[in-house]
Amino acid sequence: NDVYVYASSFAEKSKYVYVTHWDGKSWSDISPQVADDVSEVWSTADGAFWLRLAKRFLVRRGGSWESLAPAGVTEEIRSADRAPDGTLWARFGDDLWHYTAAGAWEKAVLPRGADGGRMRADWVAWLDGDMLIGVSDSGGRDNYVFRSRRPDEVLDMTPREGGDEAAAKQAKKTVFGRV
């Protein structure tokens, strides 16, 4: 019986977000106190209601809103995708992040491109239980698709001293490889 209705203003000087909820008996104004653009809304099987803002997500579970973004990350959200297991994959700037079922943000470690620069995740998709990540090099010239070898695992995403390559070596396993 849960129904959510969302609206926002497009006026530059009076931005607001309005959300109302029908619980099967009555309507309630559950609007978050933010003045930001909302680019996407969705609900999940656990009853949570999500708003994608420019640089963070707002999620409502129960009676309050929670602001979600990786610590220290200030780049805009370029994409957000929900995995079949209900977890969230989001690209902040050029970095791909995974919001786990345990409620933690983990940064995806991608290999270096042919030009030696960092690779950027352009899109994420799922096919036959496998996760696919479309990536390009820093110049945008070379494009690759990485496919998981074990759908129950993801890249080791914990940043470590020595940069992305050191983190990938410390993982001692290849979860994604060139197709």
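Note that the structure is predicted; figures quoted are calculated from it, not measured.

Participant: Explain the environment of Ser64 to me, please; I cannot follow it from the model alone.
Facilitator: Position of Ser64 among the secondary structure elements: in strand 7 (residues 64–68). Sequence separation of Ser64 and Ser31 is 33 residues, and the distance between their C-alpha atoms is 9.9 Å.

Participant: I tried to follow the side chain of Thr100 on my own but got confused; where do I start?
Facilitator: One can find Thr100 in the loop between strand 10 (95–99) and strand 11 (105–107). For Thr100, the residues in contact, after removing those within four places along its chain, are Thr87 and Glu106.

Participant: Explain the environment of Asp137 here, please?
Facilitator: With respect to the secondary-structure elements, Asp137 resides in the loop between strand 13 (130–136) and strand 14 (143–148). Take Asp137: its relative accessible area is 0%, and that puts it in the buried class. Linking Asp137 and Gly113, residues 24 residues apart in sequence, is a C-alpha distance of 4.9 Å.

Participant: Even after reading the chapter, I still don't get the nonpolar core, so can you show me in this structure?
Facilitator: One broad trend across soluble globular proteins is that nonpolar side chains are buried collectively. Core analysis: the largest hydrophobic core is formed by 15 residues, its most contacted members being Trp50, Phe57, Leu68, Leu88, Phe92, Tyr99 and Trp105. Listed by contribution, the elements that provide at least two residues to this core are strand 6 (57–61), strand 8 (77–82), strand 9 (88–92) and strand 10. Among residues more than four places away in sequence, those in contact with Trp105 are Phe57, Leu68, Ala69, Pro70, Leu88, Ala90, Phe92, Trp97, His98 and Tyr99. Ala121, Met131, Ile133 and Phe146 belong to the second-largest nonpolar core, a separate cluster that totals 13 residues.

Participant: For this particular structure, what's the right way to read the sheet that holds strand 7?
Facilitator: Within a sheet, each strand pairs with its neighbour through backbone hydrogen bonds, oriented either parallel or antiparallel. Within the open sheet, the four strands sit side by side as 4-5-6-7. Their pairing is antiparallel. If you trace the sheet from one side to the other, it starts and ends with strand 4 (40–43) and strand 7, each paired once. Each strand of the sheet is rotated relative to its neighbour by a mean of 20 degrees, with strand direction disregarded. Looking at chain direction, strand 5 (residues 49–52) and strand 6 are connected through four bridges and run antiparallel. Across the sheet, Phe49 pairs through a bridge with Arg60, a residue of strand 6.

Participant: Explain the pairing of strand 10 here, please?
Facilitator: The side chains of a regular strand alternate, residue by residue, between the two faces of the sheet. Among the five residues of strand 10, five are classified as buried, and the element is accordingly described as predominantly covered. In strand 10, alternate side chains face the same way, and those of Asp95, Trp97 and Tyr99 on one face and Leu96 and His98 on the other are all buried. Examined bridge by bridge, strand 9 and strand 10 share five bridges and lie antiparallel to one another. Following the sheet pairing, Ala90 is matched in strand 10 by Trp97. Taken together, strand 9 and the strand that follows it, strand 10, pair antiparallel across an intervening segment of two residues, in which Gly93 is found at a positive phi of about 60 degrees. Remark: five residues form the turn of the hairpin made by strand 10 and strand 11, two consecutive strands paired antiparallel; Gly103 in that turn has positive phi of roughly 85 degrees.

Participant: Sorry if this is basic, but what is going on with the sheet that holds strand 1 (residues 3–8) here?
Facilitator: With antiparallel pairing, the three strands of this open sheet are ordered in space as 1-2-3. With one partner strand each, in any of the chains shown, strand 1 and strand 3 (27–29) form the two edges of the open sheet. On average, each strand axis in the sheet is inclined to that of its neighbour by 20 degrees, with strand direction left out of account. Note that strand 1 and strand 2 (residues 17–22) share six bridges and pair antiparallel. Bridging from a neighbouring strand, Val3 pairs with Trp22 of strand 2.

Participant: Mind showing me how you'd approach the side chain of His98 here?
Facilitator: Here His98 lies in strand 10. His98 sits in the buried class, given a relative accessible area of 7%. In terms of polar contacts, His98 uses its side chain to reach the side chain of Thr87, at 2.9 Å.

Each value, and the rule that gives it
- Residues numbered from 1 in each chain as written.
- Predicted model: local features only at pLDDT ≥ 70, side-chain atom pairs only at ≥ 80, totals over all residues.
- Heavy atoms only, no water.
- Helix = DSSP H or I, 4+ residues; strand = E, 2+ residues; numbered from the N terminus.
- Contact = heavy atoms within 4.5 Å.
- Buried < 20%, exposed > 50% of the residue type's maximum accessible area, 1.4 Å probe, protein only.
- Core = buried A, V, L, I, M, F, W, Y, C linked by side-chain atoms within 4.5 Å.
- Pairing = 2+ DSSP bridges.
- Axes fitted to C-alpha atoms, helices over the stretch in contact; angles between N-to-C directions.
- Polar contact = N/O pair within 3.5 Å; in protein donor to acceptor, adjacent residues only side chain to side chain.

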